[in-house]
Amino acid sequence: MNSTSIDSNDPPQAPRVLTIAGSDSSGGAGIEADLKVLTAHGVYGMTAITALTAQNTKGVNGIHIVPGEFLKQEIEAGLEDVGVDVVKTGMLASEENIRVVAETLSKYGIEKTVIDPVMISTSNHQLLPDSAISTYITELLPITFLLTPNIPEAKRLLSLDPSLDINTLDQCISMAKRIRDELGPKNVLVKGGHLPFKKTAVEGEKDGNGNQKYVYTAAREIGEKRVSVDVYYDGQEVTLVEVEWVDTRCTHGTGCSLASAIAANLSLGHPPLTSVRLASTFISTSLKSTTHPSTPFSTLFSHIGTGQAGPINHLHRIHHLLQLAETAAPLFPQGGFIEWLLEHPKVRNVWHEYTHHEFVERMGDGTLELDRFKFYLEQDYLFLVQFARSHSLAGYKSKKLEDIAKSASIVLHIQREMALHIGYCASFGITKEELESGVEHQACTAYTRFVLDTGHTGSYLHLQIAMLPCLLGYYDIASRLYNARTTKTTEEGNIYYKWIKNYISDDYAQAVVNGMRLVEKSVEGIGRTVLEELVDVFAVACRMEAGFWEMGLRKGGTGAIMAAK
């Protein structure tokens, strides 16, 4: 058995990350930064030190490289006992150490790696000799899972002229693609911290996803710096990971900490792109906390060192824990709960199962049998009746008149929607009398009673989360099917086109926005225990939604609605 794996009979272990990097005696970068970031993510961190550095916020005064044979002993000591889920590398310092790392990763079959090609310090001190670059490229990059070069490092890996001016996103995208396609890493993240942009909306134009289109121009003045954009490329799609530009002197250790945060999130089970996004948010919040400290602890950490570049605040999450005591450290930025929820390991797969179910895919291409869709419509009418009850219960659970009024207005909206639903069903030959005399299928009963039971036993917020998959999912499904623009997604070619259009209407889109705002406001200050309860409620509701589609797909062959006895 591979020494890094866990036997199925072993007790569960904490996520484990091994960082192979240099030591920063000032504590801002290197393994010291890595361990702080890993701890802030709740991950067990181990180290294998490649070099000792004598440095501070003013610069690097000296480097003592660890012999390759001893580095190998360090790495294997951790792998053969504790095991590892992800390996992160930073400063490797020598050609010998690069070979040791590459050989050891291959020997132990380590697949999840985050390789930060540390070559030059912020103070322009060379941390990797030129003679080692070719070894880095030929032996380490081909077995790299995710590579995180900054712009100077990307140019060096591609043997570009160091004086070449990189000032556009297109150039960064080109470098990311070339590094992956020519040098071999599976995923590449070209970091854009060296190239802040100003961001300008293009009036009246939308991007490929129907969102506002923007133009990014390299910022020349401090006042123009608005966003930092990292370019992620996985061999198929380019993704721009954008965060707000933060004007702060506390930038020492940014690259090390980002790579460690990515490694931590990978070890927690998140996919690569999600891990990158979460890590970017973590670093952005860290930088912001040095300019707008949210706790007394952060204030103290924003004035370390007298050099040009002070350390980032690696511990901003822990500072919140210390400040708020029982309130959990923020797992997402303000307004980011729903994004965090949809990417949660408990939710991600079941959300995809719900929003990409065979039933909706066949609606999108027009191949769904009509009797299956009619059966779904009949059950959906009964579902809406119970959902009106759920919103009435939400009004009862509310403690604010404003929220009670919102629940009442939603019930009235459902009443109007049901009138439209009756008319829509009539176009398929289903009468109002047939709808009202129908009997719920067990999938409909299970789903709606789960929602009502959640409302009875839980809080107002628990009930809102139980109803949230329906609100978000239908808009997500309809938007995706509409934007797919298949040959049959037209009013003439697909009888389900009207259903798709209904759930991307302006009214429904606004309802989704209002619902999301309500939820985001409601979760502010919620502790970790309650957040996990909400995750579980949402995941079950998503499974119920998928079961509703399955009901239509499997039960629809019976045709007419079951008559009440």
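Just so we're clear, the structure is a prediction, and the values are computed from it rather than from any experiment.

Undergrad: Go over the overall build of the chain, please, and point to the residues and values.
TA: A tally of regular secondary structure across the chain gives 21 helices and 13 strands. A total of 565 residues make up the chain; the buried ones form 50% of that total. Taking the contacts inside the chain whose residues are at least 6 apart along the sequence as the reference set, 75% of them involve residues at least 24 apart. When the accessible surface of the chain is totalled, it reaches about 26000 Å², and 53% of it is carbon and sulfur.

Undergrad: Describe the pattern of salt bridges, with residues and values.
TA: The tally for this structure, following the rule as stated, stands at 20 salt bridges. Linking Lys-346 and Glu-532 is a salt bridge whose minimum nitrogen-to-oxygen distance equals 3.8 Å. Of this pair, Lys-346 sits in the loop between α11 (337–342) and α12 (348–355) while Glu-532 sits in helix α21 (residues 528–555), and the two are 186 residues apart along the sequence. Lys-346 gets classed as partly exposed once you look at its relative accessible area, which sits at 41%. Connected through shared salt-bridge partners, Glu-358, Arg-362, Glu-369, Arg-372, Glu-550 and Arg-554 make up one network.

Undergrad: Break down the side chain of Ser-23 for me, with residues and values.
TA: If you trace the backbone, Ser-23 turns up in strand β1 (residues 16–24). Setting aside residues no more than four positions away along its own chain, Ser-23 makes contact with Ile-31, Glu-32, Ile-49, Ala-51, Leu-52, Thr-53 and Gln-55.

Undergrad: How would you summarise helix α6 (residues 169–183) if you had to cite specific residues and measurements?
TA: A rise of 1.5 Å per residue sets the reference length of α6, with its 15 residues, at 21 Å; its end C-alpha atoms lie 21 Å apart and thus fit the reference within 8%. Three or more residues of α6 are buried, namely Leu-169, Cys-172, Ile-173, Met-175, Ala-176, Ile-179 and Leu-183. The buried residues of α6 occupy one face: seen down the axis, they fall within an arc of 160°. Of the exposed residues in α6, the ones pointing more than 90 degrees away from its buried face are Asp-170 and Asp-181. Phi for Gly-184, located one or two positions after α6, is positive at around 110°.

Undergrad: Give a description of unusual backbone geometry that names residues and reports values.
TA: With a phi angle near 75°, Ala-93 is a residue other than glycine that sits in the positive phi range. Structurally, Ala-93 is set in the loop between β4 (86–89) and α3 (95–107). Classification of Ala-93 as buried rests on a relative accessible area of 5%. Despite not being glycine, Ser-159 shows a phi value in the positive range, around 60°. By the secondary structure assignment, Ser-159 is in the loop between α5 (151–157) and α6. On the accessibility criterion, Ser-159 (65% relative accessible area) is exposed.

Undergrad: Describe in detail the packing of α12 against α21, supporting the description with residues and values.
TA: Running from amino to carboxyl end, α12 crosses α21 at an angle of 25°, the nearest separation of the two axes being 8 Å. With respect to their mutual orientation, α12 and α21 come out roughly parallel. You can see that α12 and α21 cross each other, and the crossing is left-handed. The residues of α21 that touch α12, namely those facing Val-350, Trp-351, Glu-353 and Tyr-354, are Phe-538, Ala-539, Cys-542, Arg-543, Glu-545, Ala-546 and Trp-549. Of the residues in the contact of α12 with α21, the class split is 8 nonpolar, no polar and 3 charged.

Undergrad: Help me get a handle on the pairing of strand β3 (residues 59–65), residues and values and all.
TA: Pairing between strand β2 (residues 44–56) and β3: 6 bridges, direction antiparallel. Along β3, the bridge assignment pairs Gln-55 with Val-60.

Undergrad: Give a detailed account of the environment of Met-363, specifying residues and quantitative values.
TA: Within the secondary structure, Met-363 is located in helix α13 (residues 358–365). You can call Met-363 buried: its relative accessible area is 0%. Through-space distance from the C-alpha of Met-363 to that of Asn-494 is 8.1 Å; in sequence the pair is 131 residues apart. When sequence neighbours within four positions are dropped, the list of residues in contact with Met-363 reads Leu-368, Phe-373, Asn-494, Tyr-496, Trp-499 and Ile-500.

Undergrad: Report on the nonpolar core, specifying residues and quantitative values.
TA: Counting 76 residues, the largest nonpolar core has Phe-337, Phe-359, Phe-373, Tyr-376, Ile-465, Trp-499 and Trp-549 as the members making the most contacts within it. The residues touching Trp-499, leaving out its near neighbours within four places in the chain, are Met-363, Phe-373, Tyr-376, Tyr-424, Tyr-474, Ile-477 and Trp-549. Counting 49 residues, the second-largest nonpolar core is a separate cluster that includes Leu-79, Met-119, Val-190 and Val-231.

Undergrad: Provide a residue-level description of the confidence of the model for the chain, including the pertinent values.
TA: Low pLDDT marks stretches whose predicted atomic positions should not be read closely. Per-residue pLDDT for the chain has a mean of 85; in total, 90% of the residues score no lower than 70. Throughout residues 325–329 the model reports pLDDT below 50, and contacts reaching past four residues in sequence, or to other chains, amount to 9 contacts. Confidence drops under a pLDDT of 50 for residues 556–565, and excluding neighbours within four residues, the segment shows 24 contacts in the predicted structure.

Undergrad: Give a description of α13 that names residues and reports values.
TA: Looking only at α13, the buried set comprises Phe-359, Val-360, Arg-362, Met-363 and Gly-364. If you follow the buried residues of α13, they end up packed against α12, α14 (370–397), α18 (460–484), α19 (497–502) and α21. Among the residues trailing α13, Gly-366 stands out with phi positive, at a value near 80°.

Undergrad: Summarise the packing of helix α17 (residues 442–457) against α21; cite the residues concerned and give the values.
TA: For the pair α17 and α21, interaxial distance at closest approach is 8 Å and the crossing angle is 160°. With respect to α21, the axis of α17 lies roughly antiparallel. The crossing of α17 and α21 is left-handed. Where α17 abuts α21, its residues Ala-443, Cys-444, Ala-446, Tyr-447, Phe-450 and Thr-454 lie against Val-537, Val-540, Ala-541, Met-544, Glu-545, Gly-547, Phe-548 and Met-551. Looking at the contact of α17 with α21 residue by residue, the classes come out as 11 nonpolar, 2 polar and 1 charged.

Undergrad: Describe the environment of Val-276, with residues and values.
TA: Considering the arrangement of structural elements, one finds Val-276 in helix α8 (residues 272–291). Relative accessible area serves as the criterion here: at 0%, Val-276 is assigned to the buried category. As a C-alpha pair, Val-276 and Val-241 span 35 residues in sequence and 8.0 Å in three-dimensional space. Not counting residues up to four positions away in its chain, the partners in contact with Val-276 are Leu-146, Leu-189, Tyr-232, Val-241 and Ile-262.

Undergrad: Explain the environment of Val-190 to me, using residue names and the numbers behind them.
TA: Structurally, Val-190 is set in strand β7 (residues 187–190). Using a relative accessible area of 0% as the deciding quantity, one classes Val-190 as buried. With 37 residues separating them in the primary sequence, Val-190 and Glu-153 have C-alpha atoms 9.0 Å apart. With residues up to four places along the chain from it excluded, the contact list for Val-190 reads Pro-149, Ile-151, Cys-172, Met-175, Ala-176, Val-229, Asp-230 and Val-231.

Undergrad: Give me the lowdown on the packing of aromatic side chains, citing residues and values where you can.
TA: The final tally for this structure, using the stated rule, is 22 aromatic pairs. Between the aromatic rings of Trp-351 and Phe-538, the centroid separation amounts to 5.9 Å while the plane-to-plane angle is 25°, which identifies the pairing as stacked. Linking Trp-351 in helix α12 with Phe-538 in helix α21, this pair joins segments that are 187 residues apart in sequence. The pair formed by Trp-351 and Phe-538 is uniform in burial state, with each residue classed as buried. Between Tyr-474 and Tyr-503, the ring centres sit 4.9 Å apart and the planes meet at 75°, which makes this aromatic pair edge-to-face. In this pair, Tyr-474 is assigned in helix α18 and Tyr-503 in the loop between α19 and α20 (506–522), connecting sequence segments 29 residues apart. Residues Tyr-474 and Tyr-503 agree in their burial class; the two are buried.

So, how was this worked out
- Residues numbered from 1 in each chain as written.
- Predicted model: local features only at pLDDT ≥ 70, side-chain atom pairs only at ≥ 80, totals over all residues.
- Heavy atoms only, no water.
- Helix = DSSP H or I, 4+ residues; strand = E, 2+ residues; numbered from the N terminus.
- Buried < 20%, exposed > 50% of the residue type's maximum accessible area, 1.4 Å probe, protein only.
- Contact = heavy atoms within 4.5 Å.
- Areas by Shrake-Rupley, 256 points an atom, 1.4 Å probe, with all protein chains shown as cover.
- Salt bridge = Lys/Arg side-chain N within 4 Å of Asp/Glu carboxyl O.
- Expected span 1.5 Å × (residues − 1).
- Arc of directions from axis to C-beta.
- Axes fitted to C-alpha atoms, helices over the stretch in contact; angles between N-to-C directions.
- Parallel < 35°, antiparallel > 145°, perpendicular 65-115°, else oblique.
- Left-handed = near helix turned anticlockwise from the far one by under 90°.
- Nonpolar A, V, L, I, M, F, W, Y, C, P; charged D, E, K, R; others polar.
- Pairing = 2+ DSSP bridges.
- Core = buried A, V, L, I, M, F, W, Y, C linked by side-chain atoms within 4.5 Å.
- pLDDT = per-residue confidence, 0-100.
- Phe/Tyr/Trp six-rings, centres within 6.5 Å; stacked < 30°, edge-to-face > 60°.

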